[in-house]
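Coordinate analysis (summary)
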Amino acid sequence: MSSKRNTFQRKLIFNAVKELNMHATAEQVYKYVAKQHPTISKATVYRNLNQMVQAGDLLGIGNPYSSTHYDHKLHEHYHFVCDLCEQIFNVEADLSDICNRLGSADGFDVSSYNISFSGLCWSCKAEQSSVGF
């Protein structure tokens, strides 16, 4: 973690995001941390998550269906949001050419980007197929 202040709470919250091993919401992180440390406040969890995103320690993933989700995996990757179950999945693909084209064709200087795809995940797609949709 590169944050200036690595407090006990911040480490606890960061570890919770990792241990949950999903794209957890702040509420899910809070519930997980509160089981181990019931005195931690919801405001502390939310504030620290936001600070860690600003510091580059976590990714904040916007979700059109709910609140922000958090990802501890900082390597270049993308996300897929299922329209039905609203679960977020990592997508490992090389889309770096898009940035190169933006820079050369349109003159933009891209410093970062966040690409999300949406549709049906394999599980929801299979479920819909089995009920005849």
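Residues numbered from 1 in each chain as written. Predicted model: local features only at pLDDT ≥ 70, side-chain atom pairs only at ≥ 80, totals over all residues. Heavy atoms only, no water.

Digging into the pattern of salt bridges
- Inspection of the entire model under this criterion finds one salt bridge.
- With a closest N to O distance of 3.2 Å, Lys 42 and Glu 27 form a salt bridge. Here Lys 42 is found in helix H3 (residues 42–55), whereas its partner Glu 27 is found in helix H2 (residues 26–36), with 15 residues between them in sequence.
- Lys 42 sits in the partly exposed class, given a relative accessible area of 37%. (Salt bridge = Lys/Arg side-chain N within 4 Å of Asp/Glu carboxyl O. Helix = DSSP H or I, 4+ residues; strand = E, 2+ residues; numbered from the N terminus. Buried < 20%, exposed > 50% of the residue type's maximum accessible area, 1.4 Å probe, protein only.)

Concerning the confidence of the model for the chain
- Confidence in the prediction of the chain, expressed as mean pLDDT, is 86, and 93% of residues score 70 or more.
- Ranking the helices and strands of the chain by mean pLDDT puts H2 first, with 96, and helix H4 (residues 96–106) last, with 73. (pLDDT = per-residue confidence, 0-100.)

Structural notes on the nonpolar core
- Of all hydrophobic cores here, the largest spans 17 residues; its most connected members are Ile 13, Val 29, Val 33, Ile 40, Val 45, Leu 49 and Leu 58.
- When residues of this core are traced back to their parent elements, those giving at least two are helix H1 (8–20), H2 and H3.
- Aside from chain neighbours lying at most four places away, what touches Leu 49 is Ile 13, Val 17, Ala 26, Val 29, Leu 58 and Tyr 70.
- Phe 80, Cys 82, Phe 89 and Cys 124 belong to the second largest nonpolar core, which has five residues in total. (Core = buried A, V, L, I, M, F, W, Y, C linked by side-chain atoms within 4.5 Å. Contact = heavy atoms within 4.5 Å.)

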